[in-house]
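# Structural description and commentary
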Protein chains: 2
Amino acid sequence: MQTVLTIAGFDPSSGAGISADLMVFAAHGLFGTACITGLTVQSTVGVRPAHPVEASVVGATLDCLQEDLPPVGIKIGMLSSSNNIRVISSYIEKLRLTDRDISGHVIIVLDPVLRSSSGRELVDYAGVELLRERLFPLVDWVTPNIEELAILSDLKIAGRDDLPAACWTLQNRTAQLPGGRLGIVATGGHLDPPDDFLLTPSGEEIWLPGERVETRSTHGTGCAFSSAFLSRLVLGDSPADAARGAKLYVAEAMRTAVGRGLGNGPLNHLWPFDQPNIEVSDAAERSAG
Amino acid sequence: MQTVLTIAGFDPSSGAGISADLMVFAAHGLFGTACITGLTVQSTVGVRPAHPVEASVVGATLDCLQEDLPPVGIKIGMLSSSNNIRVISSYIEKLRLTDRDISGHVIIVLDPVLRSSSGRELVDYAGVELLRERLFPLVDWVTPNIEELAILSDLKIAGRDDLPAACWTLQNRTAQLPGGRLGIVATGGHLDPPDDFLLTPSGEEIWLPGERVETRSTHGTGCAFSSAFLSRLVLGDSPADAARGAKLYVAEAMRTAVGRGLGNGPLNHLWPFDQPNIEVSDAAERSAG
């Protein structure tokens, strides 16, 4: 059971952020650790202002985990502040100096969360630049949705046909270290049909057919996709298989979700497990004092 | 699938705090939400300083969750600051005003975490007083270990025989609202044999035999016990059955844990689940760029 790390925000309603990521990792048989970059106050109805965690705490957390529970894979989500982007970049730079020699390459998937699904901006313009210039060159994969891809590639995306050019533009402008190329999964959840487009580091183009699931339980689908994609890469899937598997995982997690809350409810992250085998006595007595 | 809430600290290594609590809830078939009171920087080796979350963020989080995903049970763990104790007490006071009329009594279990298992003080003296005077009267159960019980009852506890008197003292000095009595599970994990002592709100005394599990995986056993105890109460267990079941749950989680990290590793919180049913292609190709 390998260890994977999520660096992301915190969502009290467990639909997104590190709580969701830890469940996705568990559903793939992986042990998850977590570094929180910001506390959001949110429920299924929407996101209120986020409270960034101080960069010094983020840095100390990453160092502490690295010493004791070094991950074989990392998922990066919401980063909350430019200082956090800097600290996380420094951490990964150190990792990249050693990871080819000692423990093998640590797989890193970055979900470039620029705004929440309810429309709130989570990263400012300077943050986007920093993300693209400093962090993208250090990671293996990014998983932007259409809107994020448009911002990151500086191209308009009117529909499905615009995806390949935008991905090529983003890949070409990212000088990945040490001389590699950025892998991109552009998630087309808002397209019809909701197909994803994969551009691999070697320049292979792959369309991944999606299916529309009719449900209100759509909170954190992007988080779940990127964590599932990372999980499957860590477990040895090829990129295309990992993206396909992650897509199926998310679709099933939407399909089997119980409607919860007044807005867009959380996914059923643990669907790959059967019901837990806990026996509880059916005594009517309750503990209420 | 009912919703339960944990109000506790955050542990990046997932062994304790809200990450562990959410796993315990899931292992009991419950949906968990979480409010973080403080960020600790810790691994299996020990706890470094905690960073309290601002009371205003804690309050906003509790209100946000209550509006959209009201819990039927609450577990309270590390509180990090006196201001957090005040905000949480206010939240529960409001809950107690309405919960008998509308949705039934919300079961609340408080794990009075006063210091970490590695010995660091997590609550100062004023915090202990506030906890005992303001929060204890509002909850149904507290789950102190021997050391915490000694502090809370102001009595010396040299061994097993001292537990009942200390529990009676603590129960008698707590004027639970509205006129009820505080239930206490004194966890004897450091006794030999590691038996627990249960004093119910109605004054029943019950000894719960424990077993010593030989393992280094002991990180967060107190967190796991209190969350499992709450889970079973919510599911309808009697207090004695809930405590017995929670004890068995923790023992099995220790027994089946994989040694992880250099110190005291996390429990196997998800043992009640079988292996996840995720197929991963065994393609040797890795995503490394």
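For the structure itself, consult the block above.
A short tour of the structure in this document, coming up. Since the model is a prediction, treat every value here as computed from it, not as a measurement.

### Topic: the overall build of chain A
Along the backbone of chain A there are eight helices and nine strands. In terms of overall dimensions, chain A is globule-like: its C-alpha atoms have a radius of gyration of 19 Å, near the 19 Å expected for 289 residues. On the principal axes, the C-alpha backbone points of chain A span a range of 65 × 45 × 35 Å. A burial count over chain A gives 62% of its 289 residues as buried. When contacts within chain A are restricted to residue pairs at least 6 apart in sequence, those whose partners lie at least 24 apart make up 67%. As presented, chain A carries roughly 10,800 Å² of accessible surface, and 52% of it is formed by carbon and sulfur atoms. Separation between the mean location of the 22 positive side-chain charges and that of the 34 negative ones in chain A comes to 4 Å.

### Re the pairing of strand β4 (residues 73-76) of chain A
Residue and element names in this part refer to chain A. Side chains of β4 alternate between two faces, with G73 and K75 and I74 and I76 buried alike. As defined by bridge partners, strand β1 (residues 3-10) adjoins β4 across four bridges and the pair is classed as parallel. The residue of β4 that forms the bridge with T6 is K75. Examined bridge by bridge, β4 and strand β5 (residues 107-110) share four bridges and lie parallel to one another.

### Thoughts on unusual backbone geometry
A cis amide bond links D192(A) with the next residue in sequence, P193(A), at an omega value of 0°. Mapped onto the elements, P193(A) comes out in the loop between β7 (183-186) and β8 (196-199). Phi is positive for S80(B), close to 75°, though the residue is something other than glycine. Overall, S80(B) belongs to the buried group, its relative accessible area being 16%. The residue D154(B) is not glycine, and still its phi comes out positive at about 60°.

### Side note on the nonpolar core
In this structure, I76(A), F229(A), I76(B) and F229(B) are the most contacted members of the largest nonpolar core, which totals 174 residues. Each residue touching F229(B), except ones within four places of it in the same chain, is listed here: V109(B), W141(B), T143(B), V185(B), P239(B), A242(B), A243(B) and A246(B).

### Comments concerning helix α2 (residues 55-68) of chain B
Between its first and last C-alpha, α2(B) extends 20 Å over 14 residues, near the 20 Å set by a 1.5 Å rise per residue. Taken together, the buried positions of α2(B) are occupied by A55(B), V57(B), V58(B), G59(B), T61(B), L62(B), C64(B), L65(B) and D68(B). Elements in contact with the buried residues of α2(B): β2 (31-42) and β3 (47-52) of chain A together with β1 (3-10), β2 (31-42) and α3 (82-98) of chain B.

### Quick notes on the interface of chain A and chain B
Contacts between the two partners involve 75 residues from chain A, matched on the other side by 75 residues from chain B. Around 6,100 Å² of area is buried between chain A and chain B when both sides are counted, 63% of it from carbon and sulfur atoms. Where chain A touches chain B, the interface holds zero salt bridges. For the pair chain A and chain B, the interface holds 16 residue pairs in polar contact (both at pLDDT 80 or more). Every element with two or more residues in the side of chain A that touches chain B is listed here: β1, α1 (17-27), β2, β3, α2 (55-68), α7 (221-234) and α8 (239-255) of chain A. When grouped by side-chain class, the residues that make up the side of chain A that touches chain B number 38 nonpolar, 24 polar and 13 charged.

### Points about the sheet that holds β8(A)
All names here are of chain A. Across the sheet, which stays open at both edges, the nine strands sit in the order β3-β2-β1-β4-β5-β6-β7-β8-β9 with mixed pairing between neighbours. Where the open sheet ends on each side, the last strands, each with one partner, are β3 and β9 (205-208). Sheet topology places β8 next to β9; four bridges connect them, and they run antiparallel. The residue of β9 that forms the bridge with F197 is W207. Contacts from α2 reach β1 and β2 within the one sheet, and its direction differs from that of β2 by about 165°. Against the sheet, helix α3 (residues 82-98) engages β1, β2, β4 and β5, with an angle of about 165° to β4.

Parameters and conventions
- Residues numbered from 1 in each chain as written.
- Chains lettered and ligands numbered in written order.
- Predicted model: local features only at pLDDT ≥ 70, side-chain atom pairs only at ≥ 80, totals over all residues.
- Heavy atoms only, no water.
- Helix = DSSP H or I, 4+ residues; strand = E, 2+ residues; numbered from the N terminus.
- Rg over C-alpha atoms; globule rule 2.2 N^0.38 Å.
- Buried < 20%, exposed > 50% of the residue type's maximum accessible area, 1.4 Å probe, protein only.
- Contact = heavy atoms within 4.5 Å.
- Areas by Shrake-Rupley, 256 points an atom, 1.4 Å probe, with all protein chains shown as cover.
- Lys, Arg positive; Asp, Glu negative; His and termini not counted.
- Charge placed at Lys NZ, Arg CZ, Asp CG, Glu CD.
- Pairing = 2+ DSSP bridges.
- Core = buried A, V, L, I, M, F, W, Y, C linked by side-chain atoms within 4.5 Å.
- Expected span 1.5 Å × (residues − 1).
- Buried area = accessible area lost by both parts, 1.4 Å probe.
- Salt bridge = Lys/Arg side-chain N within 4 Å of Asp/Glu carboxyl O.
- Polar contact = N/O pair within 3.5 Å; in protein donor to acceptor, adjacent residues only side chain to side chain.
- Nonpolar A, V, L, I, M, F, W, Y, C, P; charged D, E, K, R; others polar.
- Axes fitted to C-alpha atoms, helices over the stretch in contact; angles between N-to-C directions.

Geometry only, nothing functional implied.
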